[in-house]
Amino acid sequence: MQLGAGCTFRTTSLIQAAASRLLMFIVFVLAAGNPAFSQKAMVEGVVQDMQGQPIADVNIEVETTGLGTVSNQEGKFRLELQVGAHHLIFSHISYSPARLTLVVQEGQNVPLVVELESAARHLPDFVVREQVDFPSGMQRLDPRHVRVLPGPTRSVESLLKTLPGVFSRSELSHQYSVRGGNFDENLVYVNGIEIYRPFLIRSGQQEGLSFINSDLVQSIRFSAGGFEARFGDKMSSALDIEYRRPTEFAGSAAISLLEGSLHLEGTANNGKTTFLTGLRHKSNQYLLGTLDATGDYQPSFTDFQALITHAINPRLEISLLGNYNRNNYLFEPVEQTTRFGTATDVRQLTIAFRGAEINRFVTAMGALSMQYRPNPSLRLRWNMSLFNSDESETFDVVGSYLVSRVETDFGRDNFGQTTGEALGVGTFLRHARNRLDALVWNASHTGQLIGNNLSLVWGVRFQQERITDRLNEWTMIDSSGFSLPRKPYHLILLQDTLFARLRLQSSRISGFVQNTWVFNPSFGRLSLTAGARVNYWSLNRQFLFSPRSTLVFIPSNMPQWNFRASVGYFHQPPFYRELRDFAGNLNTQIRAQESIHFVLASEYHFTAWGRPFKYTTELYYKDLNNLIPYQIDNLRIRYFARNMADGYATGIDMKLHGEFVPGLASWASMSLMKTAERIHDGVNGNVPENLFPDGFIPRPTDQRFSFSLFFQDFLPRNPNYKVHLAFFYSTGVPFGPPSDNTFRNALRMAPYRRVDIGFSKQLIGESTQRNANNFFRHFDNLWITAEIFNLLQINNTISYHWIRDVENRLFAVPNYLTSRLINLKLVAQF
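Residues numbered from 1 in each chain as written. Predicted model: local features only at pLDDT ≥ 70, side-chain atom pairs only at ≥ 80, totals over all residues. Heavy atoms only, no water.

J.: What am I meant to see in the overall build of the protein here?
T.: Within the protein, the secondary structure is distributed over five helices and 46 strands. Looking at the protein as a whole, 55% of its 830 residues are labelled buried. Of the roughly 35,600 Å² that the protein leaves accessible, carbon and sulfur atoms contribute 57%. (Helix = DSSP H or I, 4+ residues; strand = E, 2+ residues; numbered from the N terminus. Buried < 20%, exposed > 50% of the residue type's maximum accessible area, 1.4 Å probe, protein only. Areas by Shrake-Rupley, 256 points an atom, 1.4 Å probe, with all protein chains shown as cover.)

J.: Looking at this structure, I do not really get empty space enclosed by the protein. What am I missing?
T.: In this approach the atoms are scanned with a rolling probe the size of a water molecule, which exposes any empty space left behind. All told, the structure shown has nine cavities of 30 Å³ or more when counted by the stated rule. Considered as a void within the structure, the largest cavity measures approximately 310 Å³ in volume. Lining the largest cavity are 30 residues, with Ser158, Lys161, Ser168, Phe728 and Tyr752 positioned closest to its centre. Among the secondary structure elements, those contributing two or more residues to the lining of the largest cavity are strand 10 (166-167), strand 36 (664-679), strand 38 (705-715), strand 39 (718-730) and strand 42 (752-764). Considering each element in turn, the lining of the largest cavity owes the most residues, four residues, to strand 39. In the lining of the largest cavity, the residues fall into 13 nonpolar, twelve polar and five charged. Size it by volume and the second largest cavity reaches roughly 260 Å³. Along its surface, the second largest cavity is lined by 20 residues, and Phe199, Arg577, Arg580, Arg636 and Ile637 are the ones closest to its centre. Taken together, the elements giving at least two residues each to the lining of the second largest cavity come down to strand 24 (454-478) and strand 34 (636-639). (1 Å grid on protein atoms, 1.4 Å probe; cavity = no way out; pocket = protein on both sides within 12 Å on 5 of 7 lines; lining within 4 Å. Points joined across faces, edges and corners; volume = space filled by probe spheres on them. Nonpolar A, V, L, I, M, F, W, Y, C, P; charged D, E, K, R; others polar.)

J.: What's the story with a nonpolar patch on the surface in this structure? I'm lost.
T.: A surface patch of nonpolar side chains, about 580 Å² in accessible area, is lined by Val460, Phe462, Ile509, Tyr536, Phe543 and Phe545. Mapped by element, the contributors of at least two residues to the nonpolar patch are strand 24 and strand 29 (542-555). Along the chain, Phe543 turns up in strand 29. (Patch = residues over 30% accessible without salt bridge, like charges linked within 9 Å, V, L, I, M, F, W, Y side chains within 5 Å. Salt bridge = Lys/Arg side-chain N within 4 Å of Asp/Glu carboxyl O.)

J.: What is the right way to read the pattern of salt bridges from this model?
T.: Side chains that carry opposite charge are capable of pairing whenever their charged atoms lie near each other. Here the structure, examined in full by the defined rule, presents 38 salt bridges. Between Glu659 and Arg78 there is a salt bridge; the shortest N-O distance is 2.6 Å. Separated by 581 residues along the polypeptide, Glu659 in strand 35 (residues 645-661) and Arg78 in strand 4 (residues 76-81) bring together distant segments of the chain. Judged by its relative accessible area of 37%, Arg78 falls in the partly exposed class. For the salt bridge of Arg577 with Asp184, the shortest nitrogen-to-oxygen distance reads 3.0 Å.

J.: Honestly, the nonpolar core in this entry has me stumped. Any pointers?
T.: Across soluble globular proteins, nonpolar side chains have a tendency to be buried as a group. Counting residues in hydrophobic clusters, the biggest one holds 75 residues, and the most contacted among them are Ile212, Phe222, Leu239, Ile241 and Tyr243. With four residues, the top contributor of residues to this core is strand 27 (residues 495-519). Aside from chain neighbours lying at most four places away, what touches Phe222 is Met138, Gln139, Leu160, Leu163, Val166, Tyr176, Val178, Ser237, Ala238 and Leu239. If you look at the next biggest cluster of nonpolar residues, it comprises 21 residues, including Ala41, Val43, Val62 and Leu102. (Core = buried A, V, L, I, M, F, W, Y, C linked by side-chain atoms within 4.5 Å. Contact = heavy atoms within 4.5 Å.)

J.: Hey, could you run me through the pairing of strand 32 (residues 611-627) in this one?
T.: Where a strand is regular, its side chains alternate between the two sheet faces. As paired strands, strand 31 (residues 593-608) and strand 32 are joined by 15 bridges and run antiparallel to one another. Pairing of Ser595 across the sheet is with Leu624, part of strand 32. Linking strand 31 to strand 32, which pair antiparallel, is a turn of two residues; within it Trp609 sits at a positive phi near 55°. (Pairing = 2+ DSSP bridges.)

J.: Is there a simple way to explain the packing of aromatic side chains in this structure?
T.: How two aromatic rings sit relative to each other is set out by the distance from centre to centre and by the angle between their planes. Tallying each qualifying case throughout the model produces 32 aromatic pairs. Taken together, a centroid distance of 4.9 Å and an interplanar angle of 55° make the contact between Trp667 and Phe710 tilted. Taken together, the residues span a long stretch of sequence, with Trp667 in strand 36 and Phe710 in strand 38 at a distance of 43 residues. Across the pair, exposure class does not vary: Trp667 and Phe710 are buried alike. Among the aromatic side chains, those forming a connected cluster through ring pairs are Trp561, Phe563, Tyr604, Phe606, Trp609, Phe613, Phe660 and Phe711. When the ring centre of Trp537 is taken as origin, the NZ or CZ atom of Arg508, which lies over that ring, is 4.3 Å away. (Phe/Tyr/Trp six-rings, centres within 6.5 Å; stacked < 30°, edge-to-face > 60°. Lys NZ or Arg CZ within 6 Å of the ring centre and 35° of its normal.)

J.: What is the right way to read the sheet that holds strand 15 (residues 237-243) from this model?
T.: Hydrogen bonding along the main chain pairs the strands of a sheet, whether they run parallel or antiparallel. One open sheet holds the five strands; their spatial order is 9-14-15-12-13, and the pairing between them is mixed. Edge positions in the sheet fall to strand 9 (139-141) and strand 13 (193-194), since each of these pairs with one other strand and no more. With two bridges joining them, strand 12 (residues 186-190) and strand 13 adopt antiparallel strand pairing. Its bridge partner being in strand 13, Tyr189 is matched across the sheet by Glu194.

J.: Even after reading the chapter, I still don't get the pairing of strand 29, so can you show me in this structure?
T.: Of the strand pairs in this sheet, strand 28 (residues 524-537) and strand 29 are connected by 14 bridges, and their pairing is antiparallel. By the bridge assignment, Arg525 is partnered in strand 29 with Ile554. Count of turn residues in the strand 28/strand 29 antiparallel hairpin: four residues, of which Arg541 carries a positive phi of about 55°. Where strand 29 folds back onto strand 30 (residues 561-572) in an antiparallel hairpin, the turn is made up of five residues.

J.: Even after reading the chapter, I still don't get the confidence of the model for the protein, so can you show me in this structure?
T.: Low pLDDT means the predicted atomic positions in that stretch should not be read closely. Here the protein shows a mean pLDDT of 84. Residues at 70 or above account for 88%. Note on residues 120-135: pLDDT under 50 across the span, and 56 contacts to partners over four residues away in sequence or across chains. Below pLDDT 50 for its whole length, residues 682-689 participates in 14 contacts with residues either more than four positions away or in separate chains. (pLDDT = per-residue confidence, 0-100.)

J.: Just checking my understanding: could you explain unusual backbone geometry for this structure?
T.: Excluding glycine, residues mostly carry a negative phi; peptide bonds, for their part, are mostly trans. For Asn626, which is not glycine, the phi dihedral falls at a positive 55°. Look at Asn745: it is not a glycine, yet its phi comes out positive at around 55°. Take Asn745: its relative accessible area is 11%, and that puts it in the buried class.

J.: What should I look at first to understand the environment of Ile590 in this one?
T.: As for its placement among the helices and strands, Ile590 is situated in the loop between strand 30 and strand 31. Under the relative-accessibility criterion, Ile590 is labelled buried at 1%. Expressed as a C-alpha distance, the spacing of Ile590 and Pro573, which sit 17 residues apart in the sequence, is 8.8 Å. Apart from residues lying up to four places away in sequence, Ile590 is in contact with Asn540, Pro574, Glu578, Leu579, Ile628, Ala641, Arg642 and Asn643.

J.: Whenever I open this one, the side chain of Arg244 confuses me. Can you help?
T.: With respect to the secondary-structure elements, Arg244 resides in the loop between strand 15 and strand 16 (250-256). Looking at Arg244, its side chain comes within polar contact range of the side chain of Glu265, at 2.9 Å. Those residues within four positions of Arg244 in sequence are excluded, and the remaining contacts are Asp215, Leu216, Val217, Gln218, His263, Glu265, Leu276 and Leu307. (Polar contact = N/O pair within 3.5 Å; in protein donor to acceptor, adjacent residues only side chain to side chain.)

J.: Looking at this model, I keep getting lost on the environment of Asn585. Mind explaining?
T.: Checked against the element boundaries, Asn585 lands in the loop between strand 30 and strand 31. For Asn585, a relative accessible area of 33% translates into the label partly exposed. Sequence-wise, Asn585 and Leu502 are 83 residues apart; in three dimensions their C-alpha atoms are separated by 8.1 Å.

J.: What exactly am I supposed to notice about the side chain of Thr162 here?
T.: Residue position: Thr162 is located in the loop between helix 3 (156-160) and strand 10. Residue Thr162 is classed as buried on the basis of its relative accessible area of 0%. If we skip the residues at most four places from it in the chain, Thr162 touches Leu149, Trp667, Ser669, Ser708 and Phe728.

Okay, here's the thing in structure tokens:
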């Protein structure tokens, strides 16, 4: 009883402490733009080697004061200094020491990048720059936050969803849209290798594990638009991931009710060879059991990755990155019961199922890289990569449904129960035997030359794709007005019929060049990055030229501010999905979509309560041309396969980031956005002519408002107890009835609202005392977490069933996402 009381007291105290601080945090967000918060001088930055890789465990000492700190795994550090002159000393056993003199003023925030030379090289000790990622405009994220962010999916993509301008409506999926784009418009790189995803996935239940293994990640950089020419040919965003370079043997293991993971890393040959491996397995059967559709869920997702690096000599290095991912999804549905409607007119859809759905997605990727540094100013890199995807989806599912009315009169004995009145009855049969094989290989070269006011980057790539797609899919709906025999042959017309055998082989050549110039006039510092991309695709024989530029300004009289302006052309050549229309035909003459980005951004660094904060704002406008309209159903994107629209996307993104609680980062993000398109003609593939609405109509990703919050806190008297909270709110996206483009995107889904919370207890930490015979002496960190998903038990909608009643009225019945669920997680690092 005493133990139980103690646990209750601690949990209650933790919730109360977190609630009070969260309330203060919200008030603080509203007042974030007030410069009066700035009171003390703060130095924050990153220590890295001459290759730009962060250096951990660098000792940073403030000379003669006894103050100091140590850089973290990302090389980042933070120091609070008194007004005046200070001497900072940077030291590390593997690098030459460096000494830097700083003069700081009250309220000033001084960002630094310090570069150290290896102790084996007798070159100048260091180089200091004033701004982290000064010219690029990329956001840096701490990968450690992935471990503590509560939610059903532990992935880097889940962390991105807390950023402004990034939208997602499903906690089951890793996919996200950025500033009005769709899932296919996002670039993802791992160690400079572009990553692809499977083609046939329809829903988050089937998706499984993300390619990015968060246990292996060293750095995360993300741009929501206006990114540099070095990043490829997509219209919306760029995510740049770098995996760790091990320095000693280490590892981690995690297990929860949903998934388990293990990673090992280390060195050999006196540090010349390093290895980094990760194994993950996930089965979200426990989570899928909260969906409305009950049955036998048997998902099984497994992923293995390895990165091996070998230094042939100090100038030449080779590396091999490999991945094998196997996703199996078996579902035998039994019954679904969903209630929908208004408070006074509630209806219930009941479906009895027979049949099964079996999906299998196997992907493999291998990349061989060689890097050569003839001198400290020049870096040359060659890559070869191969991606293969073997996908199949098979299902035969029969559903017999009944739509009935629910009694809403409190005075009736059967309140809350169905009245027995049948508003609609019917049966549907869904059949599919789809198989897709994709092989993508490429070879590329990139280089970087750093000189006096010169940072020249270039690259060239050749790529070839071979895709075989076998489609056999149809749906029969036996209800009022859907599938009646047609004279004279009394045939039954089926819906969503696809039967095709498709083969595609094509080649692409692309390249880029860009340079960064830095100017230091008396009124501040200017950085200009300008470059261009070229692209040629053999299938449609289209040549593309995409110039881009970014200008950054830091005023000398306001060093806590920096301003950025970006403009550029972003062409997206079709890959495969864009070529295939609703009837399964390929349009090989389709042209690249085009987006012209205009971005204005500001960043304000300040301190409050002696801790650093940062407030960012970005205004953007995207002019969209040669668009290929599409429909989204859950995760499935179906294109019209024609350049038949133009449009725009515009909005503002805001984010407040800082240590509201000492030592723990929290942030709040808010976005306002509108995106619309104007369709030029009304022919929908090979189906009869069906006119579209005139003028601009909302695009399927038109999510007008979103707000997200990631908040961390700890128990004041016992910091080993922590709470982590993730809050999401976004307005609904457009949708409309199927096969009727006159009402395209005329309706809106309900808003997406979700709160996930986690309570963690650190069992073993750096300060934990352990004797030589203790088994846990091998562990550096060990903590246990209890998470509550969908804390407020809100029914969020991902898609709709379309049902006709006996009066031939069409109803959109929502497909709800997961309900409240408790998860337990144990994480160990050694």
